[in-house]
Amino acid sequence: MLQDLLTSLEDLPISQEITDNPIWFPLLEATHVLSLGLVVGAVLFLDLRLMGLFARSESVTRAARVIPLIWIAFALALISGALMFAPAATRYLANTAFQVKLGLILLAGLNMLLLHQGAWRRLADWDEGAPPILARISGAISLLAWIAVVILGRLVPFTQ
Ligand code: HEM
């Protein structure tokens, strides 16, 4: 069932084009690197603010203005990543570094959801001051998860 899905991804005309024309992979990889640089750079800035370690004179609301940029850059990372993934879907999904990378992206998403359901709801109480412990923990988990995603992404071609 899963194998059928992976094979049909590999057989898509766009996957064939990406395999046949050597210009596509480097272009997609460059797009991926630029967009993930924006995602990770902006997320780490926000994480450090949430941990109370950086830009403490700025309110969290002000620091959070980068969030729309994070979503746009994440969409670009997702599209470019999916286009590199599709032509060799079976090989990538069997790769341990790739599996852990996707798992950590999900973990970072879950961590963000928990923050929004928890400490973020009472943001008015700590917007200008020291963040509560749960916000700091959430920032630390996010920071570590995104750094690990970058390392694992780089490890994919060197892992089975
Ligand atoms: C914002 C989230 C993401 C980050 C931080 C990230 C990180 C990375 C990094 C650091 C690389 C290595 C780039 C290089 O060495 O030139 C990479 C490559 C790659 N990423 Fe991502 N990635 C993300 C999302 C995704 C997603 C969602 C997918 C799949 C749907 C994906 C699929 C790939 C593929 C297929 C490669 C090429 C691996 C190879 O060298 O063969 N990435 N990623």
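Reading the values: rules and limits
Residues numbered from 1 in each chain as written. Predicted model: local features only at pLDDT ≥ 70, side-chain atom pairs only at ≥ 80, totals over all residues. Heavy atoms only, no water. Helix = DSSP H or I, 4+ residues; strand = E, 2+ residues; numbered from the N terminus. Contact = heavy atoms within 4.5 Å. Areas by Shrake-Rupley, 256 points an atom, 1.4 Å probe, with all protein chains shown as cover. Lys, Arg positive; Asp, Glu negative; His and termini not counted. Charge placed at Lys NZ, Arg CZ, Asp CG, Glu CD. Phe/Tyr/Trp six-rings, centres within 6.5 Å; stacked < 30°, edge-to-face > 60°. Buried < 20%, exposed > 50% of the residue type's maximum accessible area, 1.4 Å probe, protein only. Lys NZ or Arg CZ within 6 Å of the ring centre and 35° of its normal. Donors = N, O, S within 2.8 Å, 3.2 Å for Na, K, Ca; no water. Tetrahedral: all angles 85-135°; square planar, octahedral: opposite > 155°, others 65-115°. Expected span 1.5 Å × (residues − 1). Salt bridge = Lys/Arg side-chain N within 4 Å of Asp/Glu carboxyl O.

Re the overall build of the protein
Each helix and strand counted, the protein has nine helices and zero strands in total. Along the protein, from the amino end to the carboxyl end, the secondary structure elements read α-α-α-α-α-α-α-α-α. By principal-axis analysis of the C-alpha atoms, the protein measures approximately 55 × 30 × 25 Å. For the protein, long-range pairs separated by at least 24 residues make up 76% of all intrachain contacts whose partners lie at least 6 apart in sequence. By element, 73% of the accessible surface of the protein is carried by carbon and sulfur atoms, the whole surface being about 9,600 Å². The averaged location of the 11 negative side-chain charges in the protein is 14 Å from the averaged location of its 10 positive side-chain charges.

Some points on the packing of aromatic side chains
Under the counting rule described, the total for this entry stands at six aromatic pairs. For the pair Phe85 and Tyr92, a centre-to-centre distance of 6.1 Å together with 25° between the ring planes defines the contact as stacked. Side by side, Phe85 and Tyr92 carry an identical accessibility label, which is buried. Consider the rings of Phe85 and Phe98, whose centres lie 5.3 Å apart with planes at 10°: the pair is stacked. Of the two residues, Phe85 is situated in helix H5 (residues 67-85) and Phe98 in helix H7 (residues 96-117); the sequence distance between them amounts to 13 residues. No difference in accessibility class separates Phe85 from Phe98, as the two residues are buried. Aromatic rings pair up to connect Phe85, Tyr92 and Phe98 into one cluster. The ring of Tyr92 is capped by Arg91, whose NZ or CZ atom sits 4.8 Å from the centre of that ring.

A look at the coordination of the iron atom of the ligand
In a perfect tetrahedron of four donors around a metal, the angles come out at 109.5 degrees. In a perfect octahedron of six, they are 90 or 180 degrees. Looking at the metal site, the iron atom of the ligand is ligated by His32 (NE2) and Lys101 (NZ), spaced 1.8 to 2.1 Å from it. Taken together, the six donor atoms surrounding the iron atom of the ligand define angles of 86 to 179° at the centre, an arrangement classified as octahedral. Placement of His32 in helix H3 (residues 24-50) and of Lys101 in helix H7 is noted, with a sequence separation of 69 residues between them. On the basis of relative accessible area, Lys101 is assigned to the buried category, the value being 15%.

Here we look at H5
The first and last C-alpha atoms of H5 sit 26 Å apart over 19 residues, in line with the 27 Å expected at 1.5 Å per residue. Contacts made by the buried residues of H5 are with helix H1 (2-10), H3, helix H6 (89-93) and H7.

A word on the environment of Gly37
Locating Gly37 in the fold gives a position in helix H3. For Gly37, a relative accessible area of 40% corresponds to the partly exposed category. Taking C-alpha positions, Gly37 is 9.3 Å from Val150, a pair spaced 113 residues apart along the chain.

Section: the pattern of salt bridges
Tallying each qualifying case throughout the model produces one salt bridge. Between Arg62 and Glu58 there is a salt bridge whose closest N-O contact spans 2.6 Å. Glu58 sits in the partly exposed class, given a relative accessible area of 31%.

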